Amino acid sequence: QVQLVESGGGLVQAGGSLRLSCAASGRTFSSYAMGWFRQAPGKERESVATISWGGGHTYYADSVKGRFTISRDNAKNTVYLQMNSLKPEDTAVYYCASHRGGSARYLLTIAEYDYWGQGTQVTVSS
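A quick note: this is a predicted structure, and the numbers were derived from the prediction, not measured. (Residues numbered from 1 in each chain as written. Predicted model: local features only at pLDDT ≥ 70, side-chain atom pairs only at ≥ 80, totals over all residues. Heavy atoms only, no water.)

1. Thoughts on the environment of Ala75
Part 1: For Ala75, the location among the structural elements is in the loop between β7 (68-73) and β8 (78-83).
Part 2: Distance in space between the C-alpha atoms of Ala75 and Phe29 is 9.5 Å, their sequence separation being 46 residues. (Helix = DSSP H or I, 4+ residues; strand = E, 2+ residues; numbered from the N terminus.)

What follows is the structure, given as structure tokens:
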């Protein structure tokens, strides 16, 4: 069982940047693949980024590739999402999620995650 707590959301103008953090509990954190997904009002959830257990492999949705970077610090039980060149269409609640089973080899779907946090709101103004 893993508990996840997101932070770092807020209001930013288009073109700006934010960094989201996800603090995880559980002694097996380092063996989990981790990721982020988001949900905007009236839209379906979208898987945004995935990182393997060791941090050596990352995967992104086409909508954020080149702008977002996922990383992790296993010593701190923390995963990050650096978001640059933000657009109004990035406005959503962002959720951190974990996947038990080792290294991910592709962008995980939302259904493949085992646990997720309560989310943090990101609002990008035009």
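2. Focus: the state of the cysteines
Part 1: Inspection of the entire model under this criterion finds one disulfide.
Part 2: Here Cys22 pairs with Cys96 through a disulfide, and the sulfurs are 2.1 Å apart. Between Cys22 and Cys96, the S-S dihedral sits near -80°, and the bridge is therefore left-handed. Here Cys22, found in strand β3 (residues 18-24), pairs with Cys96, found in strand β9 (residues 92-100); they are 74 residues apart in sequence, far enough to count as distant. (Disulfide = S-S within 2.5 Å.)

3. Section: the nonpolar core
Part 1: Counting residues in hydrophobic clusters, the biggest one holds 29 residues, and the most contacted among them are Trp36, Leu81, Met83 and Tyr94.
Part 2: Of all the secondary-structure elements, those providing two or more residues to this core are β3, β4 (32-39), β5 (46-51), β7, β8, β9 and β11 (120-125).
Part 3: With four residues, the single largest contributor to this core is β3.
Part 4: The next biggest cluster of nonpolar side chains, apart from the first, holds seven residues, and it includes Phe37, Ala97, Leu108 and Tyr113. (Core = buried A, V, L, I, M, F, W, Y, C linked by side-chain atoms within 4.5 Å. Buried < 20%, exposed > 50% of the residue type's maximum accessible area, 1.4 Å probe, protein only.)

4. Thoughts on the pattern of salt bridges
Part 1: One pass over the structure, following the stated rule, counts four salt bridges.
Part 2: Taking the shortest distance from any N to any O, the salt bridge between Glu46 and Arg38 comes out at 2.9 Å.
Part 3: With its nearest N and O atoms 3.0 Å apart, the salt bridge here joins Arg38 to Asp90. Placement of the pair is Arg38 in strand β4 and Asp90 in the loop between β8 and β9, with a sequence separation of 52 residues. The exposure classification of Arg38 matches that of Asp90, with both residues buried.
Part 4: Through salt bridges with shared partners, one network takes in Arg38, Glu46, Arg67 and Asp90. (Salt bridge = Lys/Arg side-chain N within 4 Å of Asp/Glu carboxyl O.)

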